Amino acid sequence: MQSATRSAKKLVIKVTAGADAPERCSQAFTVAAVAAASGVEVSLWLTGESAWFALPGRAAEFVLPHSAPLPDLIESVRATGRITLCTQCAARRDIAEDDVLEGVRIAGAQVFVSEIMEDGVQALVY
């Protein structure tokens with residue numbers, strides 16, 4: 001990971017896990033927040049069960065001992081990066097644009113592919 005962030009202009013992280021796999025979920029959000037705090041441009045994609053964290057208050061319900069609070073990690077990413085909720089994942093959960101946290105966009109696979117194909121992009125999936 002160290003060499004990837006040195007050469008990457010942008011880090012795209014797709015997190016598929018939520019409360020169903022809390023350690024994997026927390027790890028993805030932690031890496032995104034640390035990268036953002038380090039000055040890396042971050043694009044965090046919420047897919048699968050992590051889609052719920054696009055909703056206000058949902059991150060506060062997530063608890064994992066010895067990990068940073070999820071709302072703090074999300075705020076760190078939102079401050080300098082971008083958070084995207086997968087279109088299909090939102091639709092499956094009846095989540096609409098008006099439901100999500102301020103600044104969270106809903107976009108699909110075409111936008112994801114476009115982001116990861118840019119020069120200088122490092123992509124991670126959790």
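Starting afresh in each chain, residues are numbered from 1 along the sequence in its written order. It should be noted that, the model being predicted, local features are given only for residues of pLDDT at least 70 and side-chain atom pairs only at 80 or more, the latter also being counted only at that level, while totals for whole chains, interfaces and linings use all residues. By convention in this description, side-chain values take in all heavy atoms of the structure and omit both hydrogens and water.

(A) Molecular detail of the overall build of the chain. Helix and strand counts for the chain come out as five helices and five strands. A run of H or I in DSSP becomes a helix once it reaches four residues, and a run of E becomes a strand once it reaches two; helices and strands are each numbered from the N terminus. Listing the helices and strands of the chain from first to last along the sequence gives α-β-α-β-α-β-α-β-α-β. Projecting the C-alpha coordinates of the chain onto the three principal axes gives extents of approximately 35 × 35 × 25 Å. Relative accessibility decides the category of a residue: with a 1.4 Å probe and only protein chains considered, values under 20% of the type maximum give buried, values over 50% give exposed, and everything between is partly exposed. Of all 126 residues assigned to the chain, the portion counted as buried reaches 46%. If you take every contact in the chain between residues at least 6 apart in sequence, the share linking residues at least 24 apart comes to 70%. With an accessible surface of roughly 6700 Å², the chain has 51% of that area assigned to carbon and sulfur atoms. Side-chain charges of the chain comprise 11 positive and 15 negative groups, with the mean position of each set lying 6 Å from the other. Every residue pair with non-hydrogen atoms within 4.5 Å of one another is taken to be in contact. In short, Shrake-Rupley with a 1.4 Å probe defines the accessible areas, and a residue's cover is counted only from the protein chains shown. For the purpose of counting charges, residues Lys and Arg are taken to be positive, whereas Asp and Glu are taken to be negative. His and the chain ends are not included. Positions of charges follow a simple convention, taking NZ of Lys, CZ of Arg, CG of Asp or CD of Glu.

(B) Summary view of the packing of aromatic side chains. Note on ring pairs: Phe, Tyr and Trp rings are taken, using the six-membered ring of Trp, and paired if centres are within 6.5 Å. Classes follow the plane angle, with under 30 degrees stacked, over 60 edge-to-face and the rest tilted. The tally for this structure, following the rule as stated, stands at three aromatic pairs. Ring geometry for F29 against F53: centres 6.0 Å apart, planes inclined by 85°, an arrangement best described as edge-to-face. Residue F29 is found in helix α2 (residues 22-37), and its partner F53 is found in the loop between β2 (41-46) and α3 (70-80); the two are separated by 24 residues along the sequence. Of the two residues examined, F29 and F53, each falls in the buried class. Pairing F53 with F62 gives two aromatic rings, centres 5.6 Å apart and planes at 85°, and the pair type is edge-to-face. Since its relative accessible area comes to 5%, F53 is described here as buried. Owing to a relative accessible area of 11%, F62 belongs among the buried residues under this scheme. Each member of the aromatic cluster is reached from another via a ring pair, and the members are F29, F53 and F62. In this analysis the charged atom, NZ for Lys or CZ for Arg, is taken to sit over a ring once it is within 6 Å of the ring centre and within 35 degrees of the ring normal. Lying across the ring of F112, K14 places its NZ or CZ 4.3 Å from the centre.

(C) Local environment of the pairing of strand β1 (residues 10-15). Most of β1 sits inside the fold, with five of its six residues counted as buried. With six bridges connecting them, β1 and β2 associate as parallel partners. Counterpart to V15 in the pairing with β2 is L46. You can see the chain leave β1, run along α2 and come back into β2, and the turn it takes is right-handed. Strand pairing is assigned whenever DSSP detects at least two bridges linking the two strands. By convention, orient the strands away from the viewer: a clockwise path from the first strand over the helix to the second makes the crossover right-handed.

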